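Each chain, written out:
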Amino acid sequence: MRSVIQRVKRAKVTVDERVVGDIGPGLCVLVGVTHGDGPAEIEKTARKIAQLKLLRGPDGSDDVGARVSAEESGAPVLLVSQFTLYADVRKGRKPSWSHAAGGDVAEPLFAQLVQAVREYGLQVEVGEFGAMMDVELVNDGPFTIIFET
């Protein structure tokens, strides 16, 4: 499971001009699922999303010692499934998607990740699995972490 975790001032996902997920200050996380992902990857990814100290402190400070996690601050999380995180572009000019799990595998694992993050008591908004989505965000920092289990 590969994740791009971004600290955001706001983020929104729209499908066919319909807003399906919308948050204020918090985390926007793009998630790719690969073959072999399962409960261990879901648990570890959910824990990292909830507990990494990435957000500004209560006073707005971005000092390393002042940062807090989404769990500590109660910040919302927007989770967006994105199979393109597993693109292989080492050869040729066309990406290969062979490392990305198919929708029949990835969709239930993504749903389990959503539930696992919610179990930390967080508000979780989501994109629409398999849809063509417009993802808008204002990255705070910019602050972006790439995480793989």
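A quick note: this is a predicted structure, and the numbers were derived from the prediction, not measured.

(A) Looking closely at helix α1 (residues 39-51). When the terminal C-alpha atoms of α1 are compared, their 18 Å separation across 13 residues agrees well with the 18 Å that a helix rising 1.5 Å per residue should span. Here α1 has its buried residues at Glu 41, Ile 42, Thr 45, Ala 46, Ile 49 and Ala 50. Around the axis of α1, the buried residues are gathered within 150 degrees of arc, so they sit on the same side. As for α1, its buried residues are in contact with β1 (2-15), β3 (26-32), α2 (70-73), β4 (77-81), α3 (103-118) and β6 (134-148).

(B) Looking closely at the layout of surface pockets. Approximately 360 Å³ is the volume found for the largest pocket. Along its surface, the largest pocket is lined by 18 residues, and Ser 81, Gln 82, Phe 83, Ala 131 and Met 133 are the ones closest to its centre. Going through the elements one at a time, β3, β4 and α3 are the ones with two or more residues in the lining of the largest pocket.

(C) Geometry of unusual backbone geometry. Note that the residue after Gly 141, namely Pro 142, is joined by a cis bond; omega there is -5 degrees. Tracing the chain through its elements places Pro 142 in strand β6. The backbone of Asp 16 shows a phi angle near 50 degrees, a positive value even though the residue is not glycine. With respect to the helices and strands, Asp 16 occurs in the loop between β1 and β2 (18-23).

(D) Local environment of the environment of Gln 51. You can see Gln 51 is positioned in helix α1. Other than its neighbours up to four places away in sequence, Gln 51 contacts Ser 69, Glu 71 and Tyr 120.

(E) Fine view of the packing of aromatic side chains. All chains considered together, the criterion is met by 2 aromatic pairs. A ring pair is formed by Phe 110 and Phe 129, whose centres lie 6.4 Å apart and whose planes are at 45 degrees; its orientation type is tilted. Placement of Phe 110 in helix α3 and of Phe 129 in the loop between β5 (124-126) and β6 is noted, with a sequence separation of 19 residues between them.

(F) Representation of the pattern of salt bridges. What the rule picks out here adds up to 10 salt bridges. Taking the shortest distance from any N to any O, the salt bridge between Arg 7 and Asp 62 comes out at 2.6 Å. Note that Arg 7 is positioned in strand β1 and Asp 62 in the loop between α1 and α2, a separation of 55 residues in sequence. Where Asp 140 meets Arg 7, a salt bridge forms, and the shortest distance between an N and an O atom there is 3.4 Å. Here the residue Asp 140 occupies a position in strand β6, and Arg 7 occupies one in strand β1, the gap between them amounting to 133 residues. Assessed through its relative accessible area of 1%, Arg 7 is described here as buried. A single salt-bridge network, built from bridges that share partners, covers Arg 7, Arg 56, Asp 62, Arg 67 and Asp 140.

How each quantity is defined
- Residues numbered from 1 in each chain as written.
- Predicted model: local features only at pLDDT ≥ 70, side-chain atom pairs only at ≥ 80, totals over all residues.
- Heavy atoms only, no water.
- Helix = DSSP H or I, 4+ residues; strand = E, 2+ residues; numbered from the N terminus.
- Expected span 1.5 Å × (residues − 1).
- Buried < 20%, exposed > 50% of the residue type's maximum accessible area, 1.4 Å probe, protein only.
- Arc of directions from axis to C-beta.
- Contact = heavy atoms within 4.5 Å.
- 1 Å grid on protein atoms, 1.4 Å probe; cavity = no way out; pocket = protein on both sides within 12 Å on 5 of 7 lines; lining within 4 Å.
- Points joined across faces, edges and corners; volume = space filled by probe spheres on them.
- Phe/Tyr/Trp six-rings, centres within 6.5 Å; stacked < 30°, edge-to-face > 60°.
- Salt bridge = Lys/Arg side-chain N within 4 Å of Asp/Glu carboxyl O.

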